[in-house]
Amino acid sequence: MEQNKKDIDHRAFQIDRKDNVATALTDIPAGKFVLLGETVKTDMEAVDKIPVGHKVALCDISQDEMIIKYGIPIGKATIAIKKGQWVHLHNIRSNYDERSSHLDIYTGAPTDIDYES
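Right, let's walk through the structure included here. For every chain, the first residue of the written sequence is number 1, and numbering continues from 1 onward in sequence order. Where totals are concerned, whole chains, interfaces and linings use all residues; where local detail is concerned, this predicted model gives features only for residues with pLDDT of at least 70, and gives and counts side-chain atom pairs only at 80 or more. Only hydrogens and water are set aside when side-chain values are computed; all heavy atoms of the structure are taken into account.

1. Concerning the pairing of strand 6 (residues 66–69)
- Here a strand pair is declared whenever DSSP counts at least two bridges between the two strands. The helix and strand labels rest on DSSP assignments: H or I over at least four residues marks a helix, E over at least two residues marks a strand, and numbering proceeds from the N terminus. With four bridges joining them, strand 6 and strand 7 (residues 72–77) adopt antiparallel strand pairing. Note on strand 7: the bridge partner recorded for Ile67 is Gly75.

Structure representation (structure tokens):
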């Protein structure tokens, strides 16, 4: 079966074979995408829209399970994450940025500061 060109245009990259997330190289709408890395997989499916530069789960990730990128833990899942879901500030807590859980997932603006008082 020939791969649909539209699917090939949506790509993500798994940096290390131990990673449970990949980074979107293009905006990925919900649907099929190609996973690049040590092997090329064309049967991957995003269940959410994944913005370019953001992470997509490569497997189901349990609440409190480590998020692995670059072969190392970069954060912890705050809720269960399904394979193909967008992995970002709304469902992980960073190991490196204490404030990450207090930032707007789209703008990065702090949500725990009242600027009007």
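2. Thoughts on a nonpolar patch on the surface
- Think of a patch as exposed residues, more than 30% relative accessible area, with no salt bridge, where like charges cluster within 9 Å and nonpolar side chains (Val, Leu, Ile, Met, Phe, Trp, Tyr) cluster within 5 Å. Residue burial considers only the protein chains on display, and all accessible areas are found by Shrake-Rupley using a 1.4 Å probe. One speaks of a salt bridge when a side-chain nitrogen belonging to Lys or Arg is within 4 Å of a carboxyl oxygen belonging to Asp or Glu. A cluster of nonpolar side chains, contributed by Phe13, Ile15, Leu25, Tyr70, Ile72 and Tyr96, occupies part of the molecular surface with about 600 Å² of accessible area.
- Mapping Tyr96 onto the fold places it in the segment after strand 9 (92–94).

3. Examining the sheet that holds strand 2 (residues 21–24)
- Pairing within the open sheet is mixed, and its six strands lie in the order 4-3-1-2-5-8. The open sheet has two edge strands with one neighbour each: strand 4 (41–46) and strand 8 (86–87).
- Sheet analysis places strand 3 (residues 31–36) next to strand 4, joined by four bridges and oriented antiparallel. For Lys32, the partnering residue across the bridge sits in strand 4 and is Glu45.

In short, shape yes, function no, at least from these values alone.
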